[in-house]
Amino acid sequence: MKKLHVLFLSIFMVFGLMAGCNQAAENEKTDQPADQKTAQSEKSAFPATLTDGNGEEFTIEEKPERIVSVLPSNTEIAFALGLGDKIVGVSDHDNYPEEAAQKEKIGGLELNIEKILSLEPQLVLADPSNDQKALQQLKDAGIPVLVVNSAENLDDVYKSIEMIGTATGAVDEAEKVIEEMKRKIADIETKVQGIKDEDKKKVFIEISPEPEIYTAGNNTFMDALLSVIHAENASKEIDGWQQVNEEAVIKMNPDVIIATYGDFVDNPVDQVLKRDGWGDMTAMKEKQVFAVDSDLINRPGPRLPDGVEALAKAVYPDVFK
């Protein structure tokens, strides 16, 4: 979402010895080898070239000071990398952190190209799902547009963070965010190690309510999150994000049902529990229906470990007391 321009000035003649001494002292303080620091500096240098989410080469010439993000997850990543003061525009759906909600709005699924151009961004953080014609208009106007990769698993999420970090010069910040995410995920994985295969819960994730029930099948990062907490995806035979009928869900007979649309529907748990014909399902009989904050598990960003933990607490409350 951001572009960073790093300018290095090296004075070797008069201050050569002094710089060497200062560098040695700094390395001793941080326990970071000089060659490692040099490598990190090179990663943060501009112009920076990378492969975007469309598999195309993307080059940004200089550090961006004005950034527009057209996707909530990209916005959250940018703020996590400390780039909030450089964000000048966000999508209509951006609500986290609170500062994001105060930024100029540039549309939702349909981008307001005129509004984006008026903000004079030096970088636009987009997604493969965005209208490619609209993105091309921005490119034709001379604005660098980084299409961030779609995420089907945690590694893809880390890749997105690295990509934005490289494009904005926040390489070190990206590494720190990823390390912290991996640490939290590892803690969760440690807790679920004791769950035996015979005690593994079958979970149905409901992304939208009836009459058009959508779920997350395999090759989605929600499926990956269930794997992290040692749970089985009831929709594992479905590929990607798809609509399912009620008969199919009844046949799955999940142990737990997770509703992720509480921001749009009042009392989603009660609505699920009252459905006709679902009474014989294990999840219904044992009242194992829960609502989980959709933003935490729907957005492939830095808060995903919090979403994994919320999911784990709902599915295995005894393990995550």
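Residues numbered from 1 in each chain as written. Predicted model: local features only at pLDDT ≥ 70, side-chain atom pairs only at ≥ 80, totals over all residues. Heavy atoms only, no water.

Remarks on the side chain of S208
Following the sequence through the fold, S208 ends up in strand β8 (residues 202-208). Polar side-chain contacts of S208 include one of 3.1 Å to the backbone nitrogen of Y214. Contact partners of S208, with chain neighbours within four places excluded, come to I213, Y214 and Y261. (Helix = DSSP H or I, 4+ residues; strand = E, 2+ residues; numbered from the N terminus. Polar contact = N/O pair within 3.5 Å; in protein donor to acceptor, adjacent residues only side chain to side chain. Contact = heavy atoms within 4.5 Å.)

Considerations on helix α6 (residues 132-140)
If you check which residues of α6 are buried, you get A134, L135 and L138. End-on, the buried residues of α6 take up no more than an arc of 100 degrees, which puts them together on one face. Turned more than 90 degrees away from the buried face of α6 sit K133 and D140, all of them exposed. Looking at the buried positions of α6, the neighbouring elements they touch are α5 (113-118), β6 (123-126) and β7 (145-147). Where α6 starts, the residue carrying a side-chain oxygen 3.0 Å from the main-chain nitrogen of K133 turns out to be D131. Following α6 by one or two positions, G142 has its phi on the positive side, about 90 degrees. (Buried < 20%, exposed > 50% of the residue type's maximum accessible area, 1.4 Å probe, protein only. Arc of directions from axis to C-beta.)

Observations regarding unusual backbone geometry
Here the residue pair F46 and P47 is connected by a cis peptide bond, since its omega of 0 degrees sits within 30 degrees of zero. In this structure, P47 sits in the loop between α2 (34-43) and β1 (48-51). Across the junction of Y96 and P97, the peptide omega takes the value -10 degrees, indicating a cis bond. Relative to the helices and strands, P97 resides in the loop between β4 (87-90) and α4 (98-101). Despite not being glycine, E120 shows a phi value in the positive range, around 50 degrees. Among the structural elements, E120 can be located in the loop between α5 and β6. Residue classification places E120 among the exposed positions, given a relative accessible area of 58%. Of note in the backbone geometry, K287 takes a positive phi value of approximately 55 degrees without being a glycine. Relative to the helices and strands, K287 is located in the loop between α12 (282-285) and β13 (289-291).

Let's talk about the sheet that holds strand β3 (residues 67-69)
If you trace the five strands from one edge of the open sheet to the other, you get β5-β4-β3-β6-β7, paired in parallel fashion. Both outer strands of the open sheet, β5 (104-105) and β7, are each paired with one neighbouring strand and no more. Pairing of β3 with β4 involves two bridges; the strand directions are parallel. Bridging from a neighbouring strand, I67 pairs with I87 of β4. Running at roughly 160 degrees to β4, helix α3 (residues 72-80) makes contact with β3, β4 and β6 of the sheet. (Pairing = 2+ DSSP bridges. Axes fitted to C-alpha atoms, helices over the stretch in contact; angles between N-to-C directions.)

Regarding helix α14 (residues 304-315)
Counted at 1.5 Å a residue, the expected span for α14 with its 12 residues is 16 Å, and the 16 Å between its end C-alpha atoms agrees. Within the sequence span of α14, burial applies to L304, P305, G307, V308, L311, A312, A314 and V315. (Expected span 1.5 Å × (residues − 1).)

Side note on the nonpolar core
Ranked by size, the top nonpolar core spans 57 residues in total, and within it L81, L146, I161 and I229 carry the most contacts. Apart from the residues within four sequence positions on either side, I229 is in contact with I188, V192, I195, V308, L311, A312, V315 and Y316. Ranked by size, the runner-up nonpolar core spans 17 residues in total, among them I238, V244, W278 and V289. (Core = buried A, V, L, I, M, F, W, Y, C linked by side-chain atoms within 4.5 Å.)

Focus: the packing of helix α7 (residues 154-168) against helix α8 (residues 171-192)
One can describe the packing of α7 onto α8 by two numbers: an axis separation of 8 Å at closest approach and a directional angle of 160 degrees. It follows that α7 is roughly antiparallel to α8 by the angle criterion. Regarding α7 and α8, the two cross each other, and that crossing is right-handed. Of the residues in α8, those touching α7 at L154, V157, Y158, I161, E162, G165 and T166 are V171, A174, V177, I178, M181, K182 and I185. Classifying every residue of the contact of α7 with α8 by side-chain character gives 10 nonpolar, two polar and two charged. (Parallel < 35°, antiparallel > 145°, perpendicular 65-115°, else oblique. Left-handed = near helix turned anticlockwise from the far one by under 90°. Nonpolar A, V, L, I, M, F, W, Y, C, P; charged D, E, K, R; others polar.)

Topic: the pattern of salt bridges
Considering all chains together, one arrives at 12 salt bridges under this definition. In this structure, R183 and E180 form a salt bridge, with 2.7 Å as the shortest nitrogen-oxygen distance. Separated by three residues within a single helix, R183 and E180 lie in helix α8, roughly one turn from each other. Note on E180: relative accessible area 33%, which makes it partly exposed. (Salt bridge = Lys/Arg side-chain N within 4 Å of Asp/Glu carboxyl O.)

All we've got here are geometric facts, nothing functional implied.
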